[in-house]
Amino acid sequence: MDPCVIEFIGEKSIIGVIPNFSFDPLHLISGSVGPFRAGMPVHVPLWLGIHLRKQQKCRIVPPEWMDMDLLEEIKEEEKRSKFFTKMPSEHYMVEAQLIMSTAPDDVPRCEEIRTIIKDIFDIRESKLRTSIDAFIRGEGTYAKLDNLTLLEMHSVRPILPHSLDHIARYQRTAVATQRDTSMLGLNSSTMNSSSFLTQ
Amino acid sequence: MSEEDYTTKITREDACLNRTADDDEDDDEGEEITAQKVLEFLETAWTNEMCAPDILQHQSDMLELMMGQLAHMEENMKDLDKNDFRFVVHQMELERIRYVMASYLRCRLQKIETYTKHLLNEESTRSAEEKRLSPEETKFAQEYYENMEECFQQIALQYMPNTQRSEADQRIVRPNLMSHVFVKANVSVPAVVVGVDDEEVDLAAGSQHIIPYQLIADLIQKHQVQLI
């Protein structure tokens, strides 16, 4: 999956906007939105919110988690915890990127928030790399990936499954070879699968 | 007609569209579902298809339903001013849905082109209701295969010694069913075999895992897990 596909999927999440116009409810196939009343907050899909904001038809209400104190807490928690902590939103990177690039003025302390979200992402990425290293060394074929968001998964998507596939292939070959050489009394190594990421 | 008229019209038609969907849900048959559900279903089918190494069950019925829905929506929008707020938003949504459907079908075509002979062989062993390819896709696969064979024959095979010609079986490309995929459990699934040595774990609802495809292939079919 390309990053733009992940963004596309993330654009379905719901955000609050304050329109500056009034309009009756829209009955979209994916569900109804509205009614729009000037000055009254209303929930819309992110793609629609971004479009309206670009047309200067609304102000975006930043999601609750786009708050310095809360994000500081999350960052500390992420540093402390051995495992991945639950993110406030399944698509936090996509939402942050889209909202803050289209409407930096609607988010208080935008620059600081941008930095801290990036920090959190970096901490999680490095954690992910370490766990993957341990996972591959442990010759596992299965792992639990709770709380990992779609974007993070895709940051290791091409390389991780491919390397696992290759390792599995080598192991199958090894097993086949072993069968041939077993009459020579060679020891067989066992494969074990384990969960290194979370337990 | 003034712009106002068109707006009222689409409101009515829109409401009408939604009502039909609701009515259908109450039908005795219990077969019909809302447009929203169809869309969610297709989006899941789309991500599953993108992530799975093998081709999955075709969703012609759902696609058909959605196509009808789109056509209906376009019919409603036909008379609307191009700059109308409604028109713009509905248009954007239609484009998004079309993209999902097109991307889904493209993804399947790509698999058909890669694994042509393998898929055709598999299909011939499946019963009518188990068929993974839609009739159109089967036709495409058949013709694609014949054309490729013809092309190989014309360009190279006919100049080769007989002994090397009959190696068609060795040219079959097969998907690696043991390749690793990311899955998310929709419901809790107890005792899933996750390793070569029959190790089992319970997948909790909402949990995410990386696992060889073949071990959970049947769970996708049953909608107990989805690929991400």
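Residues numbered from 1 in each chain as written. Chains lettered and ligands numbered in written order. Predicted model: local features only at pLDDT ≥ 70, side-chain atom pairs only at ≥ 80, totals over all residues. Heavy atoms only, no water.

Under an unreviewed UniProt entry, chain B has the name DNA replication complex GINS protein SLD5 and belongs to Musca domestica. Its UniProt record, at the heading Subcellular location (unreviewed entry), says of chain B: "Nucleus". Quoted verbatim from the Function (unreviewed entry) field of the UniProt record, the comment on chain B reads "The GINS complex plays an essential role in the initiation of DNA replication." (UniProt positions renumbered as here; feature names shortened; annotations may be inferred.)

Chain A is annotated in an unreviewed UniProt entry as DNA replication complex GINS protein PSF2 of Musca domestica. As stated in UniProt under Subcellular location (unreviewed entry), the record for chain A gives "Nucleus". Under the UniProt heading Subunit (unreviewed entry), the note attached to chain A is "Component of the GINS complex."

(A) Highlighting the nonpolar core. Judged by nonpolar contacts, the single largest core of 79 residues is most densely connected at Ile 29, Phe 36 and Ile 117 of chain A together with Met 66 of chain B. Among the elements that line this core, the one with the most residues is helix 5 (residues 110–137) of chain A, at 9 residues. For Ile 29 of chain A, the contacting residues outside a window of four places in its chain are Ala 35, Gln 36, Leu 39, Met 66, Gln 69, Leu 70, Met 73, Glu 93, Leu 94 and Ile 97 of chain B. Core analysis: the second largest hydrophobic core is formed by 18 residues, Cys 51, Val 183, Tyr 213 and Val 225 of chain B among them. (Core = buried A, V, L, I, M, F, W, Y, C linked by side-chain atoms within 4.5 Å. Buried < 20%, exposed > 50% of the residue type's maximum accessible area, 1.4 Å probe, protein only. Helix = DSSP H or I, 4+ residues; strand = E, 2+ residues; numbered from the N terminus. Contact = heavy atoms within 4.5 Å.)

(B) Here's a closer look at the interface of chain A and chain B. Facing 46 residues of chain A, the contacting portion of chain B comprises 48 residues. Of all residues in chain A, Phe 8, Ile 29 and Tyr 142 of chain A bury the most surface against chain B, accounting for 20% of the area lost on that side. Notably, a salt bridge pairs Lys 12 of chain A with Glu 43 of chain B, separated by 3.0 Å at the nearest N-O pair. Our count for the chain A to chain B interface comes out at 12 residue pairs in polar contact (both at pLDDT 80 or more). Among the secondary structure elements, those contributing two or more residues to the side of chain A that touches chain B are helix 1 (3–10), strand 2 (26–28), strand 3 (31–33), helix 2 (46–54), strand 6 (143–144), helix 6 (150–155) and helix 7 (159–181) of chain A. (Buried area = accessible area lost by both parts, 1.4 Å probe. Salt bridge = Lys/Arg side-chain N within 4 Å of Asp/Glu carboxyl O. Polar contact = N/O pair within 3.5 Å; in protein donor to acceptor, adjacent residues only side chain to side chain.)

(C) Highlighting the sheet that holds strand 1 (residues 14–19) of chain A. Residues and elements named next belong to chain A. As summarised here, the arrangement of the 3 strands in space is 4-1-5, forming an open sheet in which the pairing is antiparallel. In the strand order of this sheet, the two ends are held by strand 4 (42–45) and strand 5 (58–61), each with one partner. Adjacent strand axes in the sheet meet at a mean angle of 45° when their direction is disregarded. Taken together, the 4 bridges between strand 1 and strand 5 define a ladder with antiparallel strand orientation. Pairing of Gly 16 across the sheet is with Val 61, part of strand 5. (Pairing = 2+ DSSP bridges. Axes fitted to C-alpha atoms, helices over the stretch in contact; angles between N-to-C directions.)

(D) Spatial organisation of the environment of Ile 60 of chain A. Looking at the element boundaries, Ile 60 of chain A is found in strand 5. Put simply, Ile 60 of chain A and Val 94 of chain A are 34 residues apart on the chain and 15 Å apart in space, counted from C-alpha to C-alpha.

(E) Focus on the UniProt feature "domain: GINS subunit" (unreviewed entry) in chain B. Here the UniProt feature "domain: GINS subunit" (unreviewed entry) sits at residues 74–155 of chain B. Structurally, residues 74–155 of chain B is divided into 79% helix and 0% strand, and its ends, taken at the C-alpha atoms, are 48 Å apart.

(F) Structural view of the UniProt feature "domain: GINS subunit" (unreviewed entry) in chain A. Sequence positions flagged by UniProt for "domain: GINS subunit" (unreviewed entry) are, in local numbering, residues 65–168 of chain A. Secondary structure content for residues 65–168 of chain A is 65% helix and 2% strand, and the end C-alpha separation is 41 Å.

(G) Structural detail: the packing of helix 5 (residues 116–125) of chain B against helix 6 (residues 135–155) of chain B. All names here are of chain B. Relative orientation of the contacting elements helix 5 and helix 6 amounts to 130°, with a least axis distance of 10 Å. As the angle between them shows, helix 5 and helix 6 are arranged oblique. Handedness of the helix 5/helix 6 crossing: left-handed. When helix 5 is examined against helix 6, the residues Thr 116, Lys 117 and Leu 120 are found in contact with a partner set consisting of Thr 138, Ala 141, Gln 142, Tyr 144 and Tyr 145. (Parallel < 35°, antiparallel > 145°, perpendicular 65-115°, else oblique. Left-handed = near helix turned anticlockwise from the far one by under 90°.)

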